[in-house]
Each structure stands twice: as structure tokens, then as C-alpha cells.
Amino acid sequence: MTCPLNGPRNISEFVYGGEVVTMPDPARSTDAEWADYVFLEENPAGVVREWWCHAPTSFWFIAERDTVRDEILRTYPAGEVFKDRIDFP
Amino acid sequence: MTAMRKSFVHQPPSVEADATAAARMGLADLSLRPRTGFKGPGTMAWLAGQGLVVGEAANIAYPQSSGLLVAKLAPTEALILGGIDGNEATIDTLDRTWSIDTAAGCYALPRRDTHVWLRVTGSAAPVMFSKICAVDLRAAKFANHTIAQTSVARLNAIVVRDDLGATPAFHLLADSASADYLWRCLIDAMAEFDGAPIDENALHRLL
């Protein structure tokens, strides 16, 4: 897999971090919505967006992967998607 | 086995033999030498304020006129190694100047208590590394002052190429809790290249 910071590395250097999902508003979401966000994954067959971590550098980034063809399509820094800081009250 | 375990307090057989080993395949323990680090969005600005010159590219090490080596591990993180003559005072000054109140967005990341610091030297070093590290460290593929943060002997490690004169040489930093394991892995991997533990004084002979 190609780490956006370190370049191509053996897959054994990477740790999976779950699907990239949008966080519901913690103050307004129902318990069911929050449980779905925290615990449940869609696990679709096709193109998925996932968190991965390059363990030697603790660098978290996003990978787009085709689960049907078992192919990594693209990796990029999380900053491309998450541009704003979220402050919790 | 006894000889291997003694290696952290290595006593060289002779300065001459050590220098020969250093040029061919040597391993020195620099863990007692000064080093430090900083991390955070304000890190590069703060380091520039301390007179350190660090370029744009990450995973590159930037030698300073003071002898320090600033290894830029990420756009917001730097590891600072003392030079061959120590730079104890310079590193101390950096550590004492830094304060959470004045260094905006820059956080101390001390490396003395967390990382073992080894120096792998010699013409056989890049080939030896190919046994324990997946990144190609041969001279033509891995330029001087390039950094690889990768797995070495299955440990997370930082490898910095920093040649001594014309001799290929690498800094190798990894979790200090695994220092003994890493040392013995390296001694084992070096054996077929007639590698030997060397005293850090032998490093001067390569310059």
C-alpha cells in the first residue's frame, strides 16, 4: 500500500481503522443513530473509503479500496476530507 | 551468547581493528548521546526561530552548520540528533528554551528516554539491511540524508542515511524497550559480512 507520507510499504506495516463515516450530531442524534455510527459497518461489495494507519509513523490516512477486486485505488491524507477542527462542548 | 550481551558496553580490541570494521560493517551504540524532538503545527516555525534551517520536504534530514542533524519526519514533526562531536550543549539549549507557553503549536517530543540510537556503518550496510528491512536502502536508490520510517527486524524504526565521508552509514532509532533484541538481530544479520560492534570513536576515523 502507498502511504501518502512515506510512499509504498509492505501491507504488514499498516493497521486498518474502519470505514470513513460522517459523525451525526452527538447532541441531537438518537441512541440508535449513535450506536450505528460507533459500532456498525456497512461492509459493501464495491468501492469503500477506509481509515488506515502506517504504524511506524502513526500516520492516519484514507484509502479507497475495491473490495470485489481486492484493489487499492487511491490513498490520500485525511486533511483532504476533514478540513475543519471539531470542538466538543 | 555472552559476547553478544556484552556488546552494549563494547570494548574494542584495538582502535585499528575497529576502524576497519566500521568501514566494512560496523554497529555502534549512540544511545547515551544527546537527541530531542518536537511535534505540532507550529514546530517548523519554532525551529526556524531557534536558527535551525529546515527545508520543505518531509522524510529528509537537514544537516546544520552546528553539527546537528534535523530529521524532518513529517511536515509537523522533527527529530534532532547531536552530531559526531556530541552537541550536548546545543541540544540542551533547545530543550531548555522550549516552553509550552512560548512555543505556539510546538510540543516537546523527547527522544532520549524512548529511543535506542544505533549507528550502522560500512560498505556492506545497505546489503545487510536488505535482510531485515523491506525498503531498498542501496546507495543508488536511497540518497544520502533520506529517511525511511518503516519496519526493521519487525520493529517500528526510523532509518536515516547519513554517510561518514565516503562510507555509507545509517542512524537507526527504535523503541528502547526492544534495544537488546534489535542489537542481537543486527549482530546476527551482520555476521555473514564480518560485521562487528565498534566503539563510537571509530566513527571519527571514517571522516
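Residues numbered from 1 in each chain as written. Chains lettered and ligands numbered in written order. Predicted model: local features only at pLDDT ≥ 70, side-chain atom pairs only at ≥ 80, totals over all residues. Heavy atoms only, no water.

Trainee: Describe the confidence of the model for chain B, listing the residues and the values that go with them.
Mentor: Scored by pLDDT, chain B has a mean of 90; 93% of the residues are at 70 or more. For residues 1-7 of chain B, every residue scores under 50 in pLDDT, and the model assigns this stretch eight contacts once sequence neighbours within four places are set aside. (pLDDT = per-residue confidence, 0-100. Contact = heavy atoms within 4.5 Å.)

Trainee: Give me the lowdown on unusual backbone geometry, citing residues and values where you can.
Mentor: The backbone of Asn43(A) sits at a positive phi, close to 50°, despite the residue not being glycine. Accessibility expressed as a relative area gives 64% for Asn43(A), which makes it exposed. In this structure, His145(B) is a non-glycine residue whose phi angle is positive, near 70°. Within the element layout of this structure, His145(B) appears in the loop between α5 (125-129) and β8 (147-152). (Buried < 20%, exposed > 50% of the residue type's maximum accessible area, 1.4 Å probe, protein only. Helix = DSSP H or I, 4+ residues; strand = E, 2+ residues; numbered from the N terminus.)

Trainee: Lay out a nonpolar patch on the surface with the relevant residues and their values.
Mentor: Residues and elements named next belong to chain A. Together, Trp 34, Val 38, Phe 39 and Leu 40 give the surface a local cluster of nonpolar side chains, amounting to about 440 Å² of exposed area. Among the structural elements, Val 38 can be located in helix α1 (residues 31-39). Exposure remark for Val 38: the relative accessible area of 44% places this residue in the partly exposed category. (Patch = residues over 30% accessible without salt bridge, like charges linked within 9 Å, V, L, I, M, F, W, Y side chains within 5 Å. Areas by Shrake-Rupley, 256 points an atom, 1.4 Å probe, with all protein chains shown as cover. Salt bridge = Lys/Arg side-chain N within 4 Å of Asp/Glu carboxyl O.)

Trainee: Which residues make up the layout of surface pockets, and what values go with them?
Mentor: Its boundaries defined by the atoms lining it, the largest pocket holds a volume of some 540 Å³. Forming the walls of the largest pocket are 28 residues, and the residues nearest its centre are Thr57(A), Ser58(A), Phe59(A), Lys39(B) and Glu77(B). Going through the elements one at a time, β5 (59-66) of chain A together with β4 (69-74), β9 (155-161) and β10 (169-175) of chain B are the ones with two or more residues in the lining of the largest pocket. By residue class, the composition of the lining of the largest pocket is 16 nonpolar, eight polar and four charged. When residues of the lining of the largest pocket are assigned to domains, at least three fall in each of domain 1 (13-31 + 113-206) and domain 2 (35-108) of chain B. (1 Å grid on protein atoms, 1.4 Å probe; cavity = no way out; pocket = protein on both sides within 12 Å on 5 of 7 lines; lining within 4 Å. Points joined across faces, edges and corners; volume = space filled by probe spheres on them. Nonpolar A, V, L, I, M, F, W, Y, C, P; charged D, E, K, R; others polar. Domains from an automatic or database assignment.)

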